[in-house]
Structures are given as C-alpha cells and as structure tokens.
Amino acid sequence: MPFRFIHTADWQIGKVFRFVDDATMGVLQQARLEAITRIGALATDYSAAHVLVAGDIWEYEAPALRTRNQTLERMRAHDDVHWHLLPGNHDAHQPNGLWDQLRQRGLPENVHIYTAPEVSEIEPGVAAVLPAPLQHRRSLSDLTEWMDHARTDHGVIRIGLAHGSVRGFGTNEEQRANPIEPTRPEAARLDYLALGDWHGPIEVNERCRYSGTPETDSFQTQGTGTALLVDIETAGVAPRVQSLDTGQYSWTSVSESVSDWQDIDWLDQYLRSLGREPARTLVSLTVDGALSLADMEYYSRKILEEASASLAHLRVNDDDLYAIPSDDDMDAIDAGGIVRAAADRLRELMEDGGEQADIASEALQRLFIEQQRIESRSR
C-alpha cells in the first residue's frame, strides 16, 4: 500500500478581514475553523492517517487563548488522524512564544509540532518528516538546506515540510524572504516537499507543491480553498497528487462595462450566478461606462443594493462609471422654473469638466433621485 497523507497550509486562524462588516468577518473567520473539520473528515474518508500543515496555522505569533484552543480542539476531535504542524512566517517559533506555550500546556496526543530541523519518523520504517520551521517572520537563508545532509534509513520515504518562497516565483521583496531552492527535492533526495506560503495551489515540480489555503482569503487568489491528497508508493517513486476541495466561500474579481438598463440587468444576473451559491460568494467588481441619470439610479438599486445583498460581500469600484444626463432625465427633474435652472447649471458644470465636474454630477444625480421620490409619494 502507498503511504498516503494530506498536505495543507496557511490556515491563518484568527485572520482579520477589515474590508467587510463585522457579521461577515465573523462567518469568514468561522469558515477557517470549519476547514479543519473538513480536512479531518477528508483524511478519514480517504484513509489518510496523517495531515501535514506547512506553516501559518495561526495568523499571529500570539493568538488569543480561545483561538488557539479552538484550533487544537478541532484537531483533537479527529483522533484517528495525526496532525503535524510547522511554524510559518505568521506564527514563527520564538523562545517562550506560542509553540513553547503549546507544549507547556499540553497538546492533544494526535497533534505534533516541529520547532527544530530534525528528522522525525511519523510511520516507523515507512515515512519521515524533515521540517524547516521558521524562527523569524523573515529569513534570508534557505532553511531547507539542512535536508541535503539529513540521514534516514534505506527505504524510508522522505517528506520535506517548509514555508517560504521558491526561487523564481514572484519578484517583490516579501517573496524574496524565506527562499527555497526549487531543486531541493533532488538535492535532499526528498520524495515530496510540502510547502506553504502561497495561498493558491502551485505545482513547482512533480515532487514539490504548494497546497494553497483551505479557505480562500483574498481576491488575488480567487476560487475556493484546496488541500492535496498525496500518495507515495515507495521511496524514490514520484508521488501521485490529487486536489481536494475544502473551501466554503469563493472569491471572484469581475470587470464589466455598462451603458443602459439592459447591461445592468445582465450584470445583476451574472453576479448572482457566480460561485456555488451567492450567499457564499465574495466579489470584487469594477464597473465603467456611462449611464443616464435614470439608469444610474437603476444601477444603484439593482447592483449596489439588491445584488450586493444576495452576496456574502460585494466590493465595488465604479470610479469610471459616469452619469450623462439625457434630455428625458432633465425633463424628469423639472420642465422649467428654478429647479430646472439649477439642473441645467449643474449639467453645464459637468460638461465643462474641471474640479467641479464630479461634485456637479453627484449633485445632479441627487436632484434626480429626490425628484423621483417626490413624484412617487404624490402618486
């Protein structure tokens, strides 16, 4: 039988989502905890006795006591699974810090933590973990280098566990920290290198992968969360890897142009069709185009009020969506008199451009909406 395990990473329990309201943040945080339960259930369903977590179990180096205990209790509940935890850059191992406190308080028997670069056989004579725990948030050296010289018995499957950025992926300074050589599996005779840090699943090579986060947490990653089911027949044989769906919430970015109410109706239906269900879908929407005042009011109602309410969250950038008043719009405000004169002047300021154009546009839209409300009440 092959040695089978689940590779996961970047749980980041306790993560704060500042761009959503408090209620939505609560359910997103809860979903990250529930992902642990789903991973445990998948491990049982697929007869995987081990789950390897490649760093960033918690969002912070000092999570609240309840937050750390909730995480441990979720793992304790799946007592047929062994959980192997590695400090990452968000929860790096510091003297007398989180990981030492976990040991002092006592861990569930099925939870194992790795705070030193030492070989640990997780199945005697069958498989060993070679961990590379982070001692600081940022390291300039490759902490997996020690694996090249680590000794294991002949025939034992060697599994590296690390958190960082494989050289050649990304260019910014954050990604250059915690470097990992993509050739490490070959140099260290690893049968598999389980990585964390990137929140989307990435195959670096056939023996080296990022699992992605089990619950998506940004519009840059998108999609839903994943974990990886890994089978290794014997030492030296390339692993077989299967992606497992673990996420409840999907994150999507959308860019559209609108020019009339028909476009707005299409956009409304499209937003509601994203993800498995709207209430578990977060959307970052960028809208551009030009609408009449009547259609702008329709857009506000259909998209910003109704479609938004159907989704878990709708983040909107409509800075390049402009109101262009039509003659019908102007007549709807007032056919003549002082109100129409004010509307005409606002229209002129809009058409002239300059610093007052945006203020004039907003004022004219407000005037149109208020006039519609007055007429609605008089009917």
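Before reading further, recall that the structure is shown in the block above.
Quantities reported herein were computed from a predicted structural model and do not represent experimental measurements.

Draft legend 1. Molecular detail of the overall build of the chain. Helix and strand counts for the chain come out as 10 helices and 17 strands. With 379 residues in all, the chain has 49% of them scored as buried. Taking as baseline every contact in the chain between residues at least 6 positions apart, the subset at least 24 positions apart corresponds to 70%. When the accessible surface of the chain is split by element, carbon and sulfur atoms take 47% of a total near 17700 Å².

Draft legend 2. How the structure looks around the side chain of Asp91. By secondary structure assignment, the location of Asp91 is in the loop between β3 (82-85) and α3 (98-105). Among buried charged residues, Asp91 stands out as having no salt bridge; its nearest opposite-charge side chain is Arg137, 8.4 Å away. For Asp91, the side chain forms a polar contact with the main-chain nitrogen of Asp56, separated by 3.4 Å. Engagement of the side chain of Asp91 in a polar contact is seen with the backbone nitrogen of Trp58, the distance being 3.0 Å. Aside from chain neighbours lying at most four places away, what touches Asp91 is Asp56, Ile57, Trp58, Tyr60, Glu61, Leu86, Leu98 and Trp99.

Draft legend 3. Structural detail: helix α2 (residues 65-76). Helix length check: α2 (12 residues) gives 16 Å between terminal C-alpha atoms against 16 Å at 1.5 Å per residue, within 8%. Looking only at α2, the buried set comprises Thr67, Arg68, Thr71, Leu72 and Met75. Seen end-on, α2 carries its buried residues on one side only, within an arc spanning 130°. Lining the buried residues of α2 we find α1 (22-45), β3, α3 and β4 (111-113).

Draft legend 4. Just the sheet that holds β4, in detail. Reading across from one edge, β4-β3-β2-β1-β13-β14 is the order of the six strands in this open sheet, with mixed pairing throughout. Pairing within the sheet leaves two strands with one partner each, and these edge strands are β4 and β14 (240-245). This sheet shows a mean twist of 25° between the axes of neighbouring strands, independent of strand direction. With five bridges joining them, strand β1 (residues 3-8) and strand β13 (residues 226-232) adopt antiparallel strand pairing.

Draft legend 5. A look at the pattern of salt bridges. Scanning the entire structure with this criterion turns up 15 salt bridges. Arg301 serves as the salt-bridge partner of Glu306, at 4.0 Å between the closest nitrogen and oxygen. Overall, Glu306 belongs to the partly exposed group, its relative accessible area being 33%. The network of salt bridges with common partners includes Asp268, Arg272, Arg301, Lys302 and Glu306.

Draft legend 6. Up close: the pairing of strand β16 (residues 281-291). Sheet topology places strand β15 (residues 250-258) next to β16; nine bridges connect them, and they run parallel. Directly across from Glu256, in β16, lies its bridge partner Val287. In terms of handedness, the path from β15 via helix α6 (residues 261-273) over to β16 forms a crossover that is right-handed. Two strands pair when backbone bridges link them, and β16 and strand β17 (residues 313-323) are joined in this way by nine bridges, in the parallel orientation. Its bridge partner being in β17, Thr286 is matched across the sheet by Asn317. Handedness of the β16-helix α7 (residues 293-310)-β17 crossover: right-handed.

Draft legend 7. Broad picture of the sheet that holds strand β10 (residues 192-196). The strand order across the open sheet built from six strands is β5-β6-β7-β10-β12-β11, with neighbouring strands paired in mixed fashion. Edge strands, defined here as strands with exactly one partner in the open sheet, are β5 (120-123) and β11 (202-205). Direction aside, the axes of adjacent strands within the sheet are offset by 25° on average. Two strands pair when backbone bridges link them, and strand β7 (residues 157-163) and β10 are joined in this way by five bridges, in the parallel orientation. Along β10, the bridge assignment pairs Ile159 with Tyr192.

Draft legend 8. Broad picture of the packing of aromatic side chains. Per the counting criterion, the structure on display carries 10 aromatic pairs. Plain terms: the ring middles of Phe219 and Trp251 are 5.0 Å apart, the flat faces sit at 65° to each other, and that makes the pair edge-to-face. One end of the pair, Phe219, is in the loop between β12 (208-210) and β13; the other, Trp251, is in strand β15, and 32 residues separate them in sequence. With 5.0 Å between their ring centres and 10° between their planes, Trp266 and Tyr270 make a pair best called stacked.

Draft legend 9. A look at the pairing of β13. The buried fraction of β13 amounts to seven of the seven residues, a majority that puts the element mostly inside the structure. What you see with β13 is no split at all: Thr226, Leu228, Val230 and Ile232 on one side and Ala227, Leu229 and Asp231 on the other are buried throughout. In terms of strand pairing, β13 meets β14 through six bridges, oriented antiparallel. When the sheet's bridge partners are listed, Ala227 is paired in β14 with Leu244.

Draft legend 10. Representation of the nonpolar core. By size, the foremost hydrophobic cluster in this structure holds 26 residues, and its most contacted members are Ile6, Trp11, Val51, Met75, Trp83, Leu85 and Trp99. Residue assignment for this core shows that the elements contributing at least two residues are α1, β2 (50-53), α2, β3, α3, β4 and β13. Here Ile6 is in contact with Ile39, Leu42, Ala43, Ala48, His50, Val51, Leu52, Ala227, Leu228, Leu229 and Leu244, once residues within four sequence places are set aside. Counting 20 residues, the second-largest nonpolar core is a separate cluster that includes Val254, Leu271, Leu293 and Leu311.

Draft legend 11. Up close: the packing of α1 against α2. Here α1 crosses α2 at 25°, and the two axes come no closer than 8 Å. Taken together, α1 and α2 sit at an angle that is classed as roughly parallel. Classified by chirality, the crossing of α2 by α1 is right-handed. Contacts between α1 and α2 pair Gln30, Leu33, Glu34, Ile36 and Thr37 from the former with Gln70, Thr71, Arg74 and Met75 from the latter. For the contact of α1 with α2, the class distribution of residues is three nonpolar, four polar and two charged.

Rules and cut-offs
- Residues numbered from 1 in each chain as written.
- Predicted model: local features only at pLDDT ≥ 70, side-chain atom pairs only at ≥ 80, totals over all residues.
- Heavy atoms only, no water.
- Helix = DSSP H or I, 4+ residues; strand = E, 2+ residues; numbered from the N terminus.
- Buried < 20%, exposed > 50% of the residue type's maximum accessible area, 1.4 Å probe, protein only.
- Contact = heavy atoms within 4.5 Å.
- Areas by Shrake-Rupley, 256 points an atom, 1.4 Å probe, with all protein chains shown as cover.
- Lys, Arg positive; Asp, Glu negative; His and termini not counted.
- Salt bridge = Lys/Arg side-chain N within 4 Å of Asp/Glu carboxyl O.
- Polar contact = N/O pair within 3.5 Å; in protein donor to acceptor, adjacent residues only side chain to side chain.
- Expected span 1.5 Å × (residues − 1).
- Arc of directions from axis to C-beta.
- Pairing = 2+ DSSP bridges.
- Axes fitted to C-alpha atoms, helices over the stretch in contact; angles between N-to-C directions.
- Right-handed = clockwise from strand over helix to strand, strands pointing away.
- Phe/Tyr/Trp six-rings, centres within 6.5 Å; stacked < 30°, edge-to-face > 60°.
- Core = buried A, V, L, I, M, F, W, Y, C linked by side-chain atoms within 4.5 Å.
- Parallel < 35°, antiparallel > 145°, perpendicular 65-115°, else oblique.
- Left-handed = near helix turned anticlockwise from the far one by under 90°.
- Nonpolar A, V, L, I, M, F, W, Y, C, P; charged D, E, K, R; others polar.

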